[in-house]
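Given next are the chains, with one letter for each unit.
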Amino acid sequence: MARILIRLNENLVSEPVVSEVILENKVLVAILAAHINSKGGEIVLEVPDEEVDKIVSAFRQKGATVTVPKLIEIDSDRCFNCGSCVALCPVEAISVTKDLSIQFNKEKCVGSVCNICVDACPARAINSVRYSNAEHMRSSSSGYREK
Amino acid sequence: MSKQDQKTRTIEEINQKIIKGDAQVLTAEEMKKLVESSGVEVAFKEVDVVTTGTFGAMCSSGALINLGHSDPPIKIQRAWLNDVEVCHPGAAVDLFIGATNSCEKKPFEYGGGHVIQELVAGNEVELRATAYGTDCYPRAAVKTTITKDDLNQFYLLNFRNCYQRYNCAINGSDETIYTYMNKLLPRMRNATFSGAGELNPLMNDPDYETIGFGTKIFLGGGQGYIIGEGTQHSPKNLNGTLMVKGDAKKMSPEFLQGAAFTRYGTSMYVGLGIPIPILNEGLVRKTAIRDTEIFTDVIDYSVMRRDRPNLRKVSYAELKSGAITVNGKRVRVSSLSSLKMAKKVAQTLKDWIDEREFTLTAPIERLPLDTVVKPMRQTQEIPFVSNVMHPVVTCMENEEIRAIAERIVTKSVNHIVVIDSSGKLLGIVTSWDITRAMAEGKKALADIETRRVITAKPDEPLESASKRMAQHNISALPVVDSDRKVLGIVTSEDVSKLLGR
C-alpha cells in the first residue's frame, strides 16, 4: 500500500471529491487522516500500489493537489543497531526487539512528511526513497526487517 | 587447604586452564544470572573469566600510520586521506588521523572514523600530501593511493575510550538541538543515553583490581592493550576512561565504524571488551553488578555552558526500558551506543578464550584511582547575555496600537515586549509591525504581535544568542528566566558593540 496526501482548496471542500474518485475508479482506499474546514482540507489516503498512478491523476483532474510522500528505508548492512532513531519516531514505527535489533514497521511509518529519524542516524543507514522505487526496493532488500 | 576450598586464584593458573581448554568463561550477562541463581561461592568455584563489552561512539579515537618513504623523499607538512586532513605528529611520513577530522568535500558526513574503517576493511584510500621541501626531503607534493597492506604501521591509538558511564541528554529549550548526544527534540520530547551499563568493562571492575596498564583486551575486532588511563579519567565518581592501542591491520570493520552526527561532526564507533579474571570472591560480587545499581544524571544540553542543569538521577535499568520520567512527564529514551554490538563484543571475546586464542595478562602497573577532571584555565572572560542585556519596554495585550506607537517614540526603541500581569512573555511587536498596522488601519495588538518569540537566557554566551538572531533573521531577543518571566532584552546592536560585528 502507498500513502498519498490530498490537499483541497476552499472551492473543493464542499464537493464530494473523494467519493467521486472512489466510484469512478472503483478502487478501495483507506482514509488515514482528514482535516477539513471551510478554508480547505488535507486528507491522507492509503491506496494499493498498482492503483497509485490512476488515483493521483484522478484527484489532480478534479483540481486537488496531490503529494506522494517518500518512504523510509533502513539499510540493514549499514545499521549497527544503536537505536538512536527509536525514541524520535512519533508514530513508534521503530522498535527494539528482544535480541536488541532495530525493527522497522513500514506500515506505521508516515514517510517523508515526517523524516525526523533520517538525520539522526549516525550510520546514515536511513534513507528517504520514492514510492516508485518501492517495489524494486522491497524485492531487492532482504534486510527490511518487516514484521 | 584442599583445592576445593581455595579462596583465590592467579592469572597464571587461569592461563594454564585456558591453554588446556579447561577454563570456564562467562559473559558479564551470564555471570550476573549465575550469581543471582547460585550465589557468590558457587560462582567463584565455577567461573574463571568474565568477558565484558561496549560499542559506542568514541570521539577521542584515531590511528597512527607510517606510510614509508617516497622517492624522492618528502617530509610531509600537510596531508589528506580521502580529503580528510590528518595531523602530522612526527617526522616525514608518520600521520595521525583523528576520528572527528572532517572531510573537506563532505564535512559533517565523512571523516577520520570513516577513513579508518575503509582502511581496516582493506579498501584503497587516496593520499595527498604537501611539503616545503628540504635538501634531505626535496619533494614538495605527493599523490597516491594506499591500502593497509602498504603501510609499515597502522595502529589504533585512542586517548579516551570506554567511558564507565555517561550522561543522559535532554533538551529543555523550544528548539531542536543537534549534539554529540545526537538529535534532541524541543520541550523534552526525547532523551538519549550512552554506554552499556552492566556490560561495561570498567563497571565490572570499578576498583581497577585487574584492569590496568598492559591488560590485553578486545579492540575493534582485534587484540589491543591498555596503555594507561584515558584522558579525563575520573574513577572516584565512576567516570573512568582508558587509553588503548592495537594493531588496526588485524581489526574488523564490523567493530570499528565511522559515524556522522548531524551538525556536530564525525566520530567512530569502537567495540572494546575486557576479560576480567575472577581471582577472588570480591570480583564475583563486582561482576554481578546490575543496571538497577548503576546511575547517571539527566542533563539539559540546551544550556550552552560547561556546567549544565542536572534534572534527576536515573538508573541504566530505567534508561534501557525505553522511557524515563522527567518533571512528571514520560520521555522516550534511545540508546546511542549499540547494546546488541556490546553483547557481541563480550561473546566474541568469550569465544576467543574458549578456543584458546586469547590468554590473560596481569597489569604491569595499576591505573590511578584518584585523578579528577579539571576545567580549563581561562585568562580571558567571554561575554554572556546578562552582561549586555538592558531593561525592556513592555506593553499589555489589551493596549491600543496608538499608545504603543507613542511609547516607541518616547522611549526610542524598536522592540516592545508583550507581557501578562505576572510579567511573563506573551509576544513581541516591532516598530515595523506598528507602522504596517497604522497603514492597514489595524487597531488590535493581537492581530499584529508575534507570539512565537525566540528568546535568550541570561547565562548563555552572547555568541550563541547572536548566532540565533542571525539564524532567524531577527534583531532582538527578549531575555527570560526558566518561568518565561521577562528580564530584559538583547539586541543585535548590543552584540555588534561588544563583539565588533
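Because the structure is predicted, anything quoted here is derived from the model rather than measured. (Residues numbered from 1 in each chain as written. Chains lettered and ligands numbered in written order. Predicted model: local features only at pLDDT ≥ 70, side-chain atom pairs only at ≥ 80, totals over all residues. Heavy atoms only, no water.)

1. Here we look at the interface of chain B and chain A
Counting from both sides, the interface comprises 27 residues of chain B and, opposite them, 21 residues of chain A. Both faces combined, the contact of chain B with chain A buries some 1,900 Å², and carbon together with sulfur accounts for 47% of it. By the criterion of area lost to chain A, the three top residues of chain B are K183, R332 and K340 of chain B, representing 32% of everything that side buries. Counting across the interface, chain B meets chain A through 20 residue pairs in polar contact (both at pLDDT 80 or more). Mapped by element, the contributors of at least two residues to the side of chain B that touches chain A are β13 (182-184), β18 (256-261), β24 (329-335) and α7 (339-354) of chain B. Here the side of chain B that touches chain A gets five residues from one element, more than from any other, and that element is β18 of chain B. (Contact = heavy atoms within 4.5 Å. Buried area = accessible area lost by both parts, 1.4 Å probe. Polar contact = N/O pair within 3.5 Å; in protein donor to acceptor, adjacent residues only side chain to side chain. Helix = DSSP H or I, 4+ residues; strand = E, 2+ residues; numbered from the N terminus.)

2. Examining a nonpolar patch on the surface
Where nonpolar side chains cluster on the molecular surface, the patch consists of V91, V110 and V113 of chain A and spans about 210 Å² of accessible area. Since its relative accessible area comes to 30%, V110 of chain A is described here as partly exposed. (Patch = residues over 30% accessible without salt bridge, like charges linked within 9 Å, V, L, I, M, F, W, Y side chains within 5 Å. Areas by Shrake-Rupley, 256 points an atom, 1.4 Å probe, with all protein chains shown as cover. Salt bridge = Lys/Arg side-chain N within 4 Å of Asp/Glu carboxyl O. Buried < 20%, exposed > 50% of the residue type's maximum accessible area, 1.4 Å probe, protein only.)

3. Overview of the confidence of the model for chain B
Averaged over all residues, the pLDDT of chain B equals 95, while 99% of them reach at least 70. Predicted complex, confidence summary: ipTM 0.87, pTM 0.85. (pLDDT = per-residue confidence, 0-100.)

4. Notes on the sheet that holds strand β1 (residues 25-27) of chain B
All names here are of chain B. Read from one edge of the open sheet, three strands run β1-β2-β20, paired in mixed fashion. Strands with a single pairing partner mark the edges of an open sheet, and in this sheet they are β1 and β20 (275-277). Geometrically, the sheet is characterised by an average inter-axis angle of 25° between neighbouring strands, direction not taken into account. Bridge count for β1 against strand β2 (residues 49-51) is three bridges, and the pairing is parallel. In the sheet register, T27 faces β2, and the bridge partner there is T51. Here helix α2 (residues 28-38) sits on the sheet and contacts β1 and β2; the angle it forms with β1, its principal contact strand, is near 100°. (Pairing = 2+ DSSP bridges. Axes fitted to C-alpha atoms, helices over the stretch in contact; angles between N-to-C directions.)

5. A word on the pairing of strand β21 (residues 295-300) of chain B
Residues and elements named next belong to chain B. Counted residue by residue, β21 has five buried out of six residues, so it is predominantly covered. When strand β11 (residues 168-170) meets β21, the two strands line up parallel, connected through three bridges. Across the sheet, residue I170 finds its bridge partner in β21, namely D300. With five bridges joining them, β21 and strand β22 (residues 310-315) adopt antiparallel strand pairing. Within β22, the position partnered with I299 by the bridge is N310.

6. Points about the packing of helix α1 (residues 17-25) of chain A against helix α2 (residues 52-61) of chain A
Residue and element names in this part refer to chain A. Following both chains from N to C, one finds α1 and α2 inclined at 135°, their axes separated by 10 Å at the closest point. Relative to α2, the element α1 is oriented oblique. The element α1 and its partner α2 pack so that their crossing is right-handed. Of the residues in α2, those touching α1 at V17, V18, V21 and N25 are K54, I55, A58 and F59. (Parallel < 35°, antiparallel > 145°, perpendicular 65-115°, else oblique. Left-handed = near helix turned anticlockwise from the far one by under 90°.)

7. Considering the side chain of T192 of chain B
Relative to the elements of secondary structure, T192 of chain B occurs in strand β14 (residues 191-193). A distance of 2.7 Å separates a polar side-chain atom of T192 of chain B from the backbone oxygen of M181 of chain B.

8. Some thoughts on the packing of helix α11 (residues 462-472) of chain B against helix α12 (residues 492-499) of chain B
Residues and elements named next belong to chain B. At a minimum axis distance of 10 Å, the contact between α11 and α12 shows a crossing angle of 130°. If you check the angle between α11 and α12, you find them oblique. As α11 runs across α12, the sense of the crossing is left-handed. Facing L462, E463, S466 and M469 of α11, the residues of α12 in contact are S492, V495, L498 and L499.

9. What to know about the domain arrangement of chain B
Under the domain assignment used here, chain B contains domain 1 (66-155) and domain 2 (385-499). When each unit is reduced to the centre of its C-alpha atoms, the spacing between domain 1 of chain B and domain 2 of chain B is 52 Å. (Domains from an automatic or database assignment.)

10. Observations concerning α2 of chain B
Residue and element names in this part refer to chain B. A28, M31, K32, L34 and V35 are the residues of α2 that are buried. The arc enclosing the buried residues of α2, seen along the axis, measures out at 165°, which places them on a common side. Exposed side chains of α2 directed beyond 90 degrees from the buried face belong to K33, E36 and S37. Considering only its buried residues, α2 is in contact with β1, α3 (40-46), β2 and α5 (281-287). (Arc of directions from axis to C-beta.)

11. Some thoughts on the sheet that holds strand β26 (residues 415-419) of chain B
Adjacent strands of a sheet form backbone hydrogen bonds with each other and so pair up, either parallel or antiparallel. Residues and elements named next belong to chain B. An order of β25-β26-β27 is seen for the three strands of this open sheet, with the pairing classed as mixed. Unpaired on one side and paired on the other, β25 (394-396) and β27 (425-430) mark the two borders of the sheet. Strand-to-strand, the axes of this sheet are offset by a mean angle of 35°, without reference to chain direction. Here five bridges tie β26 to β27, and the two strands are oriented antiparallel to one another. Paired with I419 across the bridge in β27 is L425.

12. Description of the pattern of salt bridges
Residue and element names in this part refer to chain B. The final tally for this structure, using the stated rule, is 37 salt bridges over all chains. Notably, a salt bridge pairs R290 with E36, separated by 2.8 Å at the nearest N-O pair. One end of the pair, R290, is in the loop between α5 and β21; the other, E36, is in helix α2, and 254 residues separate them in sequence. Given the relative accessible area of 22%, R290 is considered partly exposed. For E36, a relative accessible area of 56% translates into the label exposed.

13. Considering unusual backbone geometry
D71 of chain B connects to P72 of chain B through a cis peptide bond whose omega is -10°. By the secondary structure assignment, P72 of chain B is in the loop between β4 (62-66) and β5 (78-81).

14. Section: the side chain of R165 of chain B
Mapped onto the fold, R165 of chain B is located in the loop between β10 (153-161) and β11. Within polar-contact distance, the side chain of R165 of chain B engages the backbone oxygen of N237 of chain B at 2.6 Å.

15. Points about the packing of aromatic side chains
All names here are of chain B. According to the stated counting rule, one finds 13 aromatic pairs over all chains in the structure shown. With centroids separated by 5.9 Å and ring planes inclined at 80°, the aromatic side chains of F193 and Y316 adopt a geometry described as edge-to-face. With a gap of 123 residues between them, F193 in strand β14 and Y316 in helix α6 (residues 316-320) connect regions that are remote in the sequence. Neither residue differs from the other here; F193 and Y316 are each classed as buried. Aromatic side chains F218 and F255 sit 5.1 Å apart centroid to centroid with 85° between the ring planes, which places their arrangement in the edge-to-face category. In this pair, F218 is assigned in strand β15 (residues 216-219) and F255 in the loop between β17 (242-247) and β18, connecting sequence segments 37 residues apart. By relative accessible area, F218 is classed as buried at 0%. (Phe/Tyr/Trp six-rings, centres within 6.5 Å; stacked < 30°, edge-to-face > 60°.)

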